[in-house]
Amino acid sequence: MEDTSYYSEKVLNLLDDELNLVTANYANRFIKLISVDGKIKNAEAREYLQHGVMRRLKVLNRAVLKVFTIYHHRRKRQLSDDELAELCIVLHAFYGNIYGLTDNIAWVLNFEKNLAFERREVGLYSKKFKKSINREFRAYLVCRYEWYHKHLKEFRDSISHRIPLYVLPYAQTESGKVISPAPFYSGSIITGNTMLLHGQVLADMNTVNELIDKFVQFEFPESAPVVDSIEIKEVPQ
């Protein structure tokens, strides 16, 4: 039987290793956020931390694991229509909650620092809002500008207003080889980007972990517990 898989054995092994780190990475960030919760004085800021940031983080962790449960990177059997639909649901929840988590962090700061910005002005990348946050945290956000605006926001806007994300049922190489299952997802195949499913989901979850690390480090430095840091340094493409 012809091998229609896309990943090389080397990449499969790397994905194995990185998948094994997902839950530990989540636990480490959750511990950090619990420590922040103990320092927060404003009730509304605490609500946005507990029921916004922390709840969304848990959903994101489960979404990553669900992607690999439905479509494990070593799978060779074709995905059914129901499985493809389930992956779409998970991707929508994943990117919607990443976007929401960034806003929730902004709301925590808005209430805890008594910034009193109006709703439309609250956001980590709002021109007015970002001037009121920690300088080092602001510098980090500048480094992630491209990821936020050209990747995350683009996917979130596509889900909400344009063509929803979906996983391709199959793909064909230039040589004519058919790949099914195909580890690719996209919104519009005309104007959007086609991304590698497993590696990109892991990379985006890693960016969320990094965002939380910087949020805690720069905005609540006395709250950061000493934990063993587990990071996904590179995601195979």
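Refer to the structure above for everything that follows.
If you're wondering where the values come from, they're calculated on a predicted model, not measured in any experiment.

Quick notes on the rules
- Every chain is numbered on its own, with residues counted from 1 as its sequence reads.
- Owing to the predicted nature of the model, reporting of local features is limited to residues with pLDDT of at least 70; listing and counting of side-chain atom pairs is limited to 80 or more, with chain, interface and lining totals taken over all residues.
- Hydrogens are left out, water is left out, and the side-chain values use all remaining heavy atoms of the structure.
- Helix and strand labels come from DSSP, where a helix needs a run of H or I of at least four residues and a strand needs a run of E of at least two; each type is numbered from the N terminus.
- Throughout, nonpolar core names a set of buried Ala, Val, Leu, Ile, Met, Phe, Trp, Tyr and Cys residues whose side chains join them through atoms within 4.5 Å.
- Working definition: with a 1.4 Å probe on protein chains only, accessible area under 20% of the residue-type maximum means buried, over 50% means exposed, and in between means partly exposed.
- Whether two residues touch is decided by their heavy atoms; if any such pair falls within 4.5 Å, the residues are in contact.
- We call two strands paired when DSSP finds no fewer than two bridges between them.

J.: Tell me about unusual backbone geometry, and name the residues and values.
T.: Residue Pro181 is bonded to the preceding Ser180 through a cis peptide linkage, with omega at 5°. Within the secondary structure, Pro181 sits in the loop between strand E3 (178-179) and strand E4 (184-186). Phi angles above zero are rare outside glycine, and Asn114 is one such case at about 55°. The backbone phi angle of Ala116 is positive, close to 60°, even though this residue is not glycine. Relative to the helices and strands, Ala116 resides in the loop between helix H4 (81-112) and helix H5 (135-143).

J.: Account for the nonpolar core, with residues named and values stated.
T.: With 72 residues, the main nonpolar core has Phe137 and Phe215 as its most contacted residues. The biggest single contributor to this core is H4, with 15 residues. If we ignore the near neighbours within four places in the chain, the residues touching Phe137 are Ile105, Leu109, Leu124, Leu211, Lys214, Phe215, Phe218 and Glu219.

J.: Outline the environment of Thr23, listing residues and values.
T.: Residue position: Thr23 is located in helix H2 (residues 22-37). Residues Thr23 and Gln217 lie 194 residues apart in sequence; the distance between their C-alpha atoms is 21 Å. When residues no more than four places from it in sequence are discounted, the contact partners of Thr23 are Asn61 and Leu65.

J.: Can you lay out the sheet that holds E4 for me, pointing to particular residues and giving the numbers?
T.: An order of E1-E4-E5 is seen for the 3 strands of this open sheet, with the pairing classed as antiparallel. Looking at which strands have only one partner, the edges of the open sheet turn out to be strand E1 (166-167) and strand E5 (195-196). Bridge analysis of E4 against E5 gives 2 bridges, and the strand direction is antiparallel. If you follow Tyr185 over to E5, its bridge partner there is Met195.

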